Each structure stands twice: as structure tokens, then as C-alpha cells.
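The primary structure of each chain is shown beneath.
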Amino acid sequence: MTTHKFSRNTLKLFAFLFMFIDHVGAIFFPSVLWYRTIGRLSFPLFAYLIADGMDKTHHQGKMIARLFVFALISQIPYSLAFTNRIWSWNLNVFFTLGLGAVCCLMIGQPYVFKNINTTEQKVLKALLIFLCAGFAYVLHTDYSFYGVLMIALLYHVQHTNMYMKFAEMQKYLLFFTLFILTFLYAFFSRDFLQMSCVLSGLLMPHSQKHEKPWGVWAYCIYPLHLLLFWQMRKL
């Protein structure tokens, strides 16, 4: 049985559309839940695209650096849009994506741990992932430790034998991973609205259709739309 797969660029469009809906709700209509319910579908798509991008790129360090550069660039627009202040110590989602990308680097680079046996490798990698998740929690990044763990798990799942051998199982593995992680997060945080994000797993994985990448312009969308929403908020 074959299932339709969206292209990578189409998943980006979905992710940005859901993000716009989420931010419209958060900034202009905070009491209207359906904006946030739909908007929650955005982050897992970005998380998947980061995990997939770290797997495909030959310039992982450059990708991580770019995420953190745009994290710094986006912090003032993020603060203005959501708090109407020039700076907020609740950090924007680029910090979360950057920490998640660091986790992918640790998981996917065996030469970093080449002098350590397999069991110790797994323990060390797990500790480094939880360290990155801890940083996200302490720094109050958007989606916090939950977002970092999501990126790391989606990256890990794509490197399991079952995922690589059985293409028809990929969608279900990604969906199940999102469901388990999000259920645990929602249960302990009592944020059951977050469960709606699991539906984004039905849009994954992307097809292997070759497309021209969006490049750095995709990163610019985030701070620019926040500046636009901030100006609209002042009207």
C-alpha cells in the first residue's frame, strides 16, 4: 500500500501557515482556542525538517550556526510581538531548533565517540541530549525541553533499522513517536491542547522529489512576520 507524500517545500509551507495561525491567535485573539489548536501543528513540522536537514546536509556546523544567528536576530522581534518590550528572557523558537540540531549532531556523528564502546556511547549521547534539553528549560526557550527532545527523537527514529528498511512504516513510526512524547508532556504539564500537534505526523515524511531549497530566506520569514504583527498590534 502506498501513501501520498508531500514534498519538503510543501511541508515548509504547511509549517509556516500553521505558525502564522498560531501567532495570530496568540497576539490578536488569545481567548480563541481554535487558532492555537491549529497552530500547534507547526512546531513538529519544523522539528522534523530540522532533523531531516541535519541528516541530509554536508554542512551541519554551518546549519547550527545559522540557527543560532537567527535566534539572536529574532529575539527583539519576538519580544516586541509577544510582550511589546524590546527584550524578553523568554527565548524564541530558533534557540530550541538550534539546541535540537546540536542533539542531531551528537547522535549522528560516530567519530565523536570513536574511542568509546557502544554502551558508553549510548549513555553519553543520552546525557548530552538531556543536557541540551536542560539548557532549553533553564533558558526558557519556546517549546523548552519538549521541543529539543522532539527533534532528537525524530532524528533518531529516522536512523532505526525499521524506518530505513520499511518505507510503508515511516509515517506510523513518526506519528507514534510524536504521540508518545506529546502525551507524556501533556500529562505532566496538563497542557492537553498540545495533543493536537500529533496530527502533523500524518503529513510526514516528505517525498524524495528534488526541489530548489528556499535557502536563508526561509529563516528570514520568522523575524519579519513578527515585526509585521507587532506593527499591526499597535494600530
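Cut-offs used in this document
- Residues numbered from 1 in each chain as written.
- Predicted model: local features only at pLDDT ≥ 70, side-chain atom pairs only at ≥ 80, totals over all residues.
- Heavy atoms only, no water.
- Patch = residues over 30% accessible without salt bridge, like charges linked within 9 Å, V, L, I, M, F, W, Y side chains within 5 Å.
- Areas by Shrake-Rupley, 256 points an atom, 1.4 Å probe, with all protein chains shown as cover.
- Salt bridge = Lys/Arg side-chain N within 4 Å of Asp/Glu carboxyl O.
- Helix = DSSP H or I, 4+ residues; strand = E, 2+ residues; numbered from the N terminus.
- Buried < 20%, exposed > 50% of the residue type's maximum accessible area, 1.4 Å probe, protein only.
- Axes fitted to C-alpha atoms, helices over the stretch in contact; angles between N-to-C directions.
- Parallel < 35°, antiparallel > 145°, perpendicular 65-115°, else oblique.
- Left-handed = near helix turned anticlockwise from the far one by under 90°.
- Contact = heavy atoms within 4.5 Å.
- Nonpolar A, V, L, I, M, F, W, Y, C, P; charged D, E, K, R; others polar.
- Disulfide = S-S within 2.5 Å.
- 1 Å grid on protein atoms, 1.4 Å probe; cavity = no way out; pocket = protein on both sides within 12 Å on 5 of 7 lines; lining within 4 Å.
- Points joined across faces, edges and corners; volume = space filled by probe spheres on them.

A. Region of interest: a nonpolar patch on the surface. Among the surface-exposed residues, Phe 176, Phe 179, Ile 180, Phe 183, Leu 184, Phe 187, Phe 188 and Phe 192 lie close enough to one another that they form a single nonpolar patch of about 810 Å² accessible area. Position of Phe 192 among the secondary structure elements: in the loop between α9 (170–189) and α10 (217–234). In this structure Phe 192 comes out as partly exposed when scored by relative accessible area, which is 45%.

B. Spatial organisation of the packing of helix α7 (residues 144–157) against α9. Between α7 and α9, the least distance of the axes is 10 Å, while the angle of their chain directions is 155°. Overall, the two elements α7 and α9 adopt an arrangement that is roughly antiparallel. Note that α7 runs across α9; the crossing there is right-handed. Only Leu 173, Leu 174, Thr 177, Leu 178, Leu 181, Thr 182 and Tyr 185 of α9 make contact with α7, whose side of the interface consists of Phe 145, Tyr 146, Leu 149, Met 150, Leu 153, Leu 154 and Val 157. Grouping the constituent residues of the contact of α7 with α9 by class yields 12 nonpolar, two polar and no charged.

C. Seen up close, the state of the cysteines. This model, assessed by the stated rule, comprises zero disulfides. Left unpaired, Cys 197 is separated from the closest cysteine sulfur, that of Cys 104, by 17 Å. Its relative accessible area of 0% is what places Cys 197 among the buried residues.

D. Structural context of the layout of surface pockets. Roughly 1400 Å³ of internal volume is contained in the largest pocket. At the level of elements, α1 (8–28), α3 (42–56), α4 (60–83), α5 (93–108), α7 and α10 are the ones that each hand at least two residues to the lining of the largest pocket. Residues that form the lining of the largest pocket fall into these classes: 23 nonpolar, 12 polar and 14 charged. By volume, the second largest pocket amounts to about 460 Å³. Taken together, 16 residues form the lining of the second largest pocket, with Ile 107, Lys 122, Lys 125, Ile 129 and His 156 sitting closest to its centre. At seven residues, helix α6 (residues 118–138) tops the list of elements feeding residues into the lining of the second largest pocket. Partitioned by chemical class, the residues of the lining of the second largest pocket number nine nonpolar, five polar and two charged.

E. Representation of unusual backbone geometry. The amide bond that connects Met 204 to the next residue, Pro 205, takes the cis arrangement and shows omega of -10°. Here Pro 205 is to be found in the loop between α9 and α10. Although it is not a glycine, Asn 84 adopts a positive phi angle of roughly 60°. Structurally, Asn 84 is set in the loop between α4 and α5. Overall, Asn 84 belongs to the partly exposed group, its relative accessible area being 48%. Within the chain, Ser 144 stands out as a residue other than glycine whose phi angle is a positive 50°. With respect to the helices and strands, the residue Ser 144 is situated in helix α7. Overall, the relative accessible area of 17% leaves Ser 144 in the buried class.

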